[in-house]
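# Residue-level structure breakdown
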Amino acid sequence: MKKIVSLFLVMVMTTALFVGCASEAPAKTEAEKPAATKAAAKTEKATEAATEAPQEQMVFRLAETHPGDYPTTLGDIEFARLVEEKSGGRFKVEVYHSKQLGEEKDVIEQVQFGAIDFTRVSVGPMTEFSPELAVVALPYIYQSADHMWDVLNSEIGDSFLNGLESSNFVGLGWYDGGARSFYNSVRPIKTLEDLDGLKFRVMQSEMMVDMVEALGASPTPMAYGEVYSSIQTGVIDGAENNWPSYDTSSHFEVANFYTLDEHLRVPEILIASKMVTDKLSAEDMALIKEAALESQMFQRDLWAAKEKASEAKIREAGNEIFMLTVEEKARFAAQMAPVWAKHAEGFEDIIVAIQDKAK
Ligand code: GTR
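As the structure is a prediction and not an experimental result, all values here were calculated from the model.

## Focus: the overall build of the protein
- Within the protein, the regular secondary structure consists of 17 helices and 11 strands.
- Within the protein, the fraction of its 359 residues that count as buried is 55%.
- As displayed, the protein offers around 14,700 Å² of accessible surface, 54% of which is attributable to carbon and sulfur atoms.

Okay, structure coming up:
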């Protein structure tokens, strides 16, 4: 505990210095597929060699919360294209965007027991299923987007992806989710004290609840799709998210004040159900992982462009946007000591390794 608090202080000081397609009908899941189809899929390699007859195609479903033109959805679609290409058409991944298969927490549950094959979600709700993932999403742990990417694309990121197997998931890769900041309908946030008592929606994750409490505000865990009407009706005062989500969820219409405190950089993650992928060969898993990695660069480029476009649109709409001073941002970061101590206990060495990557 002592160790993590001192690591945390190092981080705070560094921060202070630094701030300067849907398809027509749902595809059948593996469980729902007739036995004959499964058998055919298993023997397909042998069949391929023996005959020239058309192959049986395995169809997978991928769930995505965002709309069809959002950077993560376009990343999913690119992943699907690459999987189909690399498998020579043996695999098809159908992307169900716009919450067609449900809100993130429910989708993750279904992926865990094999009813949905793939999903792209935020690491936020994943921490409820695989608590150690909190380490790569700790508030104020990264100095910049580049720092986060240096961590995620290193052996540290890989070890967290591999660690998901014990929770019945297969971690395939990371996408960009930018930095999250607070917005609300009540008042500008310029100091820590301005957060006092405000009611913020958080992702359904204990760490997010603890983070908002540590800042002196009042957290309400809630599904993403309920946030707009909850702000509109005054059930909550605001929420927190990146520019593209603040834009595409239309939250900017009901929460005018946005303060770029950048308290979180929560990676987006592409996962598969272990129950589904256990039936695939090592070669097929390798091509799926390769497709995920290749789609990452594609998604990151789209992300950078969308961040700029959403920011321009929201500034144009006349929302009130604030920056924190360097000192104030360091005060926000300093509140996170208990959150780090609770959610990253036992990961002190990894935190040092993460911090080292900023140097
Ligand atoms: C977005 C993220 C979504 C979802 C959402 C939320 O930034 O891309 O996957 O987690 O935030 O706040 O629920």
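## Topic: the pairing of strand β7 (residues 218–221)
- Pairing analysis gives 4 bridges linking strand β6 (residues 199–202) to β7, with the strands arranged parallel. Among the inter-strand pairings, K199 is bridged to a residue of β7, identified as S218.
- Each parallel crossover has a hand, and for β6 linked through helix α9 (residues 206–214) to β7 it is right-handed.

## With respect to helix α4 (residues 71–86)
- Here α4 contains 16 residues, and its C-alpha end-to-end distance of 22 Å stays within 8% of the 22 Å for a straight helix at 1.5 Å per residue.
- Buried residues along α4 sit against β1 (58–64), β2 (91–96), β3 (118–122), β4 (169–175), β10 (268–273) and α14 (282–316).

## Some words on the sheet that holds β10
- Strand order in this open sheet of 5 strands is β2-β1-β3-β10-β4, and the pairing throughout is mixed. Where the open sheet ends on each side, the last strands, each with one partner, are β2 and β4. Averaged over all adjacent pairs, the angle separating strand axes in this sheet is 25 degrees, with direction ignored.
- In this structure, β1 lies alongside β3, joined through 3 bridges in parallel fashion. Counted as the bridge partner of L62 is F118 from β3.

## Let's talk about helix α8 (residues 155–163)
- Where α8 is concerned, the buried positions are I156, G157, F160 and L161. All buried residues of α8 project into a common sector of 140 degrees when viewed along the axis, lining one side.
- Where the residues of α8 are buried, they touch α7 (145–152), β4, β10 and α17 (348–356).
- For α8, the side-chain oxygen to backbone nitrogen distance between the N-cap and I156 is 3.0 Å, and the N-cap itself is S154.

## Structural notes on the side chain of E94
- On the secondary structure map, E94 appears in strand β2.
- One buried charged residue, E94, forms no salt bridge at all, with the nearest opposite charge on K92 at 5.1 Å.
- Separated by 2.9 Å, the side chains of E94 and Y96 make a polar contact.

## Side note on the environment of V111
- Relative to the elements of secondary structure, V111 occurs in helix α5 (residues 104–112).
- Relative accessible area serves as the criterion here: at 0%, V111 is assigned to the buried category.
- Along the primary structure V111 and A63 are separated by 48 residues, whereas in three dimensions their C-alpha atoms are 9.2 Å apart.
- Every residue in contact with V111, bar those within four places of it in the chain, is listed here: I116, D117, F118, T119, F169, I271, A272 and S273.

## Let's talk about the site of the ligand
- Around the ligand sit 13 residues in total, of which H66, E104, R201, N241 and E268 are the nearest.
- Between N241 and the ligand, the recorded distance is 2.7 Å, taken from a side-chain N or O atom to an oxygen atom.
- Within the side chain of S245, an N or O atom sits 3.2 Å from an oxygen atom of the ligand.
- Within the complex, 98% of the 320 Å² of free accessible area of the ligand lies under protein.
- Residue composition of the shell around the ligand, grouped by class: 2 nonpolar, 6 polar and 5 charged.

Cut-offs applied
Along each chain, residue indices are assigned from 1 in the same order as the chain's sequence is written. Predicted model: local features are reported for residues with pLDDT of at least 70 only, side-chain atom pairs are reported and counted for 80 or more only, and whole-chain, interface and lining totals are derived from all residues. The basis for the side-chain values is all heavy atoms of the structure; hydrogens and waters are excluded. The way it works is that DSSP assigns letters per residue, a run of H or I at least four long becomes a helix, a run of E at least two long becomes a strand, and they are numbered from the N terminus. We call a residue buried when its accessible area falls under 20% of the maximum for its residue type, exposed when it is over 50%, and partly exposed in between, using a 1.4 Å probe and counting protein chains only. Computed by Shrake-Rupley with a 1.4 Å probe, the accessible areas treat only the displayed protein chains as cover when residues are assessed. Paired strands, as defined in this entry, are two strands with at least two bridges between them according to DSSP. Here, the term right-handed applies to a crossover whose path from the first strand over the helix to the second runs clockwise when the strands point away from the viewer. Given the number of residues in a helix, its expected span is that number minus one, multiplied by 1.5 Å. The contact criterion used is simple: two residues touch if any of their non-hydrogen atoms lie within 4.5 Å. To obtain an axis, a line is fitted to C-alpha atoms, over the contacting stretch when the element is a helix, and the angle between two such axes runs from 0 to 180 degrees between their N-to-C directions. What the arc describes is the spread of directions from the helix axis to the C-beta atoms. Under the rule applied, a polar contact is a pair of N or O atoms within 3.5 Å (in protein, one hydrogen donor and one hydrogen acceptor; residues adjacent in sequence only if both atoms are side-chain atoms). Counting rule for charge: Lys and Arg are taken as positive, Asp and Glu as negative, and neither His nor the chain ends is counted. Only one rule defines a salt bridge in this text: a Lys or Arg side-chain nitrogen within 4 Å of an Asp or Glu carboxyl oxygen. One heavy atom within 4 Å of a molecule or strand makes the whole residue count as near it. Throughout, the ten residues Ala, Val, Leu, Ile, Met, Phe, Trp, Tyr, Cys and Pro are labelled nonpolar, Asp, Glu, Lys and Arg are labelled charged, and all others, Gly among them, are labelled polar.

Everything listed is a geometric property; what it means functionally is a separate question.
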